[in-house]
Amino acid sequence: GAGVSQTPSNKVTEKGKYVELRCDPISGHTALYWYRQSLGQGPEFLIYFQGTGAADDSGLPNDRFFAVRPEGSVSTLKIQRTERGDSAVYLCASSLGLSGSTDTQYFGPGTRLTVL
Amino acid sequence: GQQVMQIPQYQHVQEGEDFTTYCNSSTTLSNIQWYKQRPGGHPVFLIQLVKSGEVKKQKRLTFQFGEAKKNSSLHITATQTTDVGTYFCAGPEAGGTSYGKLTFGQGTILTVHP
């Protein structure tokens, strides 16, 4: 079946603007994850959802970042008042969401965000 | 907070040579996962180790999880050009309930010269 998809693949915006990044998980996956990857670094955890609710949002850097998953499938990561330091590749992953264990996370291709 | 370190940061080998990357966590992990990211690509899951001292093999790749569940290694025997990429380890902190929160190392970039 189809893998995790993310749109847009690239986003260029100006400092101070608002952006939305979308993630479509693998069908049937109840868990969805957002990570941020800067050049030369490993992915940095932001938030993960189990169904519609955020199971852990401890990685969101500040209140400019917000994510939703209203129907338990597609998720949107929203960034307000973007700053140049927000420039990175934003990765989404999904998994079956097995209770009480760490199951395999399947990553999407990412959205490259550039804040000018 | 939890930190995961990997060494070396870069490794250049001739095709046919062996390669090893090491991963160390500041806290005990409930499990360790390894991912491979090709240049321009996204992380792809390789394997998960759960038990203390566990060793798993995938063809030319051998993965180990330390006895204290704080360190791990990935060894590739007789590297090929298809092994090029960045290898990441990642794991959730033991004792927590946030099973999905993976802390990644910074990765080891492997280049293989034919």
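Our subject is the structure that appears above.
Residues numbered from 1 in each chain as written. Chains lettered and ligands numbered in written order. Predicted model: local features only at pLDDT ≥ 70, side-chain atom pairs only at ≥ 80, totals over all residues. Heavy atoms only, no water.

A. The arrangement of the overall build of chain A in detail. When helices and strands are counted, chain A shows zero helices and 11 strands. Written out in order from the N terminus, the α and β elements of chain A read β-β-β-β-β-β-β-β-β-β-β. The C-alpha atoms of chain A give 13 Å as radius of gyration, which agrees with the globular expectation for 116 residues (13 Å, within 12%). A buried classification covers 47% of the 116 residues belonging to chain A. Residue pairs in contact within chain A that sit at least 24 positions apart in sequence constitute 54% of those at least 6 positions apart. (Helix = DSSP H or I, 4+ residues; strand = E, 2+ residues; numbered from the N terminus. Rg over C-alpha atoms; globule rule 2.2 N^0.38 Å. Buried < 20%, exposed > 50% of the residue type's maximum accessible area, 1.4 Å probe, protein only. Contact = heavy atoms within 4.5 Å.)

B. Broad picture of the nonpolar core. With 20 residues, the main nonpolar core has Trp34(A), Leu46(A), Ile47(A), Leu77(A) and Tyr90(A) as its most contacted residues. Excluding residues that lie within four positions of it along the chain, Ile47(A) makes contacts with Leu32(A), Tyr33(A), Trp34(A), Ala54(A), Asp56(A), Asp57(A), Leu60(A) and Ala67(A). Counting residues in hydrophobic clusters, the runner-up holds 19 residues, among them Ile32(B), Leu46(B), Ile47(B) and Ile76(B). (Core = buried A, V, L, I, M, F, W, Y, C linked by side-chain atoms within 4.5 Å.)

C. Fine view of the sheet that holds strand 3 (residues 19-25) of chain B. Residue and element names in this part refer to chain B. Reading across from one edge, 1-3-8-7-6 is the order of the five strands in this open sheet, with antiparallel pairing throughout. Among the strands making up the open sheet, the edge pair consists of strand 1 (4-7) and strand 6 (55-58). With direction set aside, neighbouring strand axes in the sheet form an average angle of 15°. For strand 1 and strand 3, the ladder comprises four bridges, and the chain directions are antiparallel. Bridged to glutamine 6 within strand 3 is cysteine 23. (Pairing = 2+ DSSP bridges. Axes fitted to C-alpha atoms, helices over the stretch in contact; angles between N-to-C directions.)

D. Structural view of the layout of surface pockets. Reported here for the largest pocket is a volume of approximately 720 Å³. Around the largest pocket, the lining is made up of 33 residues, and of these Gln37(A), Leu39(A), Gly40(A), Arg112(A) and Gln37(B) lie nearest the centre. Counting residues per element, the ones that place at least two in the lining of the largest pocket are strand 9 (88-95) and strand 11 (111-115) of chain A together with strand 9 (85-91) and strand 11 (108-113) of chain B. Element by element, the count of residues in the lining of the largest pocket is highest for strand 11 of chain A, at four residues. Class assignment of the residues belonging to the lining of the largest pocket gives a composition of 12 nonpolar, 19 polar and two charged. Those elements that place two or more of their residues in the lining of the second largest pocket are strand 5 (44-50) of chain A together with strand 1 and strand 10 (103-104) of chain B. Within the lining of the second largest pocket, the residues separate by chemical class into six nonpolar, 10 polar and three charged. (1 Å grid on protein atoms, 1.4 Å probe; cavity = no way out; pocket = protein on both sides within 12 Å on 5 of 7 lines; lining within 4 Å. Points joined across faces, edges and corners; volume = space filled by probe spheres on them. Nonpolar A, V, L, I, M, F, W, Y, C, P; charged D, E, K, R; others polar.)

E. Expanded view of the sheet that holds strand 8 (residues 75-79) of chain A. All names here are of chain A. Spatial strand order, 1-3-8-7: four strands in an open sheet with antiparallel pairing. Strands at the two margins of the open sheet, each flanked by one partner only, are strand 1 (5-7) and strand 7 (65-68). Here the strands of the sheet are splayed against their neighbours by 15° on average, with no regard to which way each runs. Relative to strand 8, strand 7 runs antiparallel, the two sharing four bridges. Considered in strand 8, the bridge of phenylalanine 65 is made with isoleucine 79.

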